[in-house]
Amino acid sequence: MKKIILLGYMGCGKSTIANKLSQIIQIPFVDLDRKIEEKANLSINAIFEKHGEIYFRKLEHQVFVDLLSSPEIFIIGLGGGTPCYANNHELLNDEGVFSVYLKASIDTLFNRLSTNKSKRPLIAGKSNVEMKEFIATHLFERSFYYNQAQYKVVVDDKTIDVVANDIVAILT
Ligand SMILES: Nc1ncnc2c1ncn2[C@@H]1O[C@H](COP(=O)(O)OP(=O)(O)O)[C@@H](O)[C@H]1O
Ligand SMILES: O=C(O)C1=C[C@@H](OP(=O)(O)O)[C@@H](O)[C@H](O)C1
Ligand SMILES: [Mg+2]
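Thresholds, definitions, all that
- Residues numbered from 1 in each chain as written.
- Chains lettered and ligands numbered in written order.
- Predicted model: local features only at pLDDT ≥ 70, side-chain atom pairs only at ≥ 80, totals over all residues.
- Heavy atoms only, no water.
- Near = heavy atom within 4 Å.
- Polar contact = N/O pair within 3.5 Å; in protein donor to acceptor, adjacent residues only side chain to side chain.
- Areas by Shrake-Rupley, 256 points an atom, 1.4 Å probe, with all protein chains shown as cover.
- 1 Å grid on protein atoms, 1.4 Å probe; cavity = no way out; pocket = protein on both sides within 12 Å on 5 of 7 lines; lining within 4 Å.
- Sits in = over half its atoms within 2 Å of the grid points.
- Nonpolar A, V, L, I, M, F, W, Y, C, P; charged D, E, K, R; others polar.
- Points joined across faces, edges and corners; volume = space filled by probe spheres on them.
- Helix = DSSP H or I, 4+ residues; strand = E, 2+ residues; numbered from the N terminus.

With respect to the site of ligand 2
Inference 1: The full set close to ligand 2 counts 13 residues, and Lys-14, Asp-33, Arg-57, Arg-120 and Arg-142 are the nearest of them.
Inference 2: Here an oxygen atom of ligand 2 sits 2.8 Å away from a polar atom, N or O, in the main chain of Gly-80.
Inference 3: Here an oxygen atom of ligand 2 and a side-chain polar atom of Arg-142 are 2.7 Å apart.
Inference 4: When isolated, ligand 2 has an accessible area of 390 Å², and the protein chains bury 96% of it.
Inference 5: In a pocket analysis with a 2 Å cut-off to the grid points, ligand 2 is assigned to the largest pocket.
Inference 6: For the shell around ligand 2, a count of residues per class yields 5 nonpolar, 3 polar and 5 charged.

Put into C-alpha cells, the structure is as follows:
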C-alpha cells in the first residue's frame, strides 16, 4: 500500500474527501495544513500575518517532506498551493505515493469558496467579483503543477460520497 495524496485548488474538497476516504478504506487521514498549524503553534491565518507567505511555504515543504519520509501509511490532504512551490510537485510521483488531483471548475470553486473565505488568507479580503477573477487566473497558473498528479478525478456536481468512491475505484 502507498500513501495517498489528494491535491487541487482551494475549495476542491481535499480535506473533506480525504476525511471521507479515510472512513471508507480505514486508513488514517492527515491534513497538511493542520500539521503545519501544530508545528508552528499558530493558525494558517496567523502564520501568513506574522511571518508572511514565504515562511509558510518553507514550513509547508518541510512538513510535507517529513510526512513522506514516515514509514506509516496515510491519506494526506495537501494545501491548495503545496504542489506549486519548492519543487513539491516532483514528490507527487515518488515510488511510495499515489497522487490524485481533485479537479474542479471555476464556478464550483467560486461557489464553495464564497462561503468559506475567512480561513484562507489568499482570498479572505476579496470581494466576490475580485475572487472570481483571482480564481480564474490562479487556477490557470497552478494547473501545470496539479497536472503532475498520477490520477485526476473531476469533482463538479458530485457528492462527497461519489468523489470518495471514484478514488476507491482507482485504488482497486
Ligand atoms: N463533493 C462536494 N460536494 C459539495 N460540497 C463539497 C464537496 N466537497 C467539498 N465540499 C465543501 O466545499 C468546501 C471546501 O472543502 P474543503 O474540503 O475545505 O476543500 P479544500 O481542503 O480542498 O480547500 C467545504 O464547505 C466542503 O464541505
Ligand atoms: O492555495 C493555497 O495557496 C493555500 C491553500 C490552503 O489550503 P486549502 O486548499 O485546504 O484551502 C492553505 O494551505 C493556505 O491558505 C494556502
Ligand atoms: Mg483543506
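Moving on from the model shown.
Quick look at the layout of surface pockets
Inference 1: Empty space within the largest pocket amounts to approximately 780 Å³.
Inference 2: In terms of lining, the largest pocket is formed by 37 residues, of which the most central are Met-10, Gly-11, Ser-15, Asp-33 and Arg-120.
Inference 3: Taken together, the elements giving at least two residues each to the lining of the largest pocket come down to helix H1 (14-25), helix H2 (32-40), helix H3 (44-51), helix H4 (53-69) and helix H7 (160-171).
Inference 4: The biggest single contributor to the lining of the largest pocket is H1, with 4 residues.
Inference 5: Within the lining of the largest pocket, the residues separate by chemical class into 12 nonpolar, 12 polar and 13 charged.

Considering the site of ligand 1
Inference 1: Gly-11, Lys-14, Thr-16, Arg-120 and Lys-158 are the nearest of the 14 residues found near ligand 1.
Inference 2: A distance of 3.4 Å separates an oxygen atom of ligand 1 from a polar backbone atom of Cys-12.
Inference 3: Taking Lys-158, its main chain carries an N or O atom lying 2.9 Å from a nitrogen atom of ligand 1.
Inference 4: Taking 570 Å² as the accessible area of ligand 1 by itself, protein coverage stands at 75%.
Inference 5: The cavity where ligand 1 resides is the largest pocket.
Inference 6: Among the elements that take part in the shell around ligand 1, H1 stands out by supplying 3 residues, more than any other.
Inference 7: Considered class by class, the residues forming the shell around ligand 1 number 4 nonpolar, 6 polar and 4 charged.

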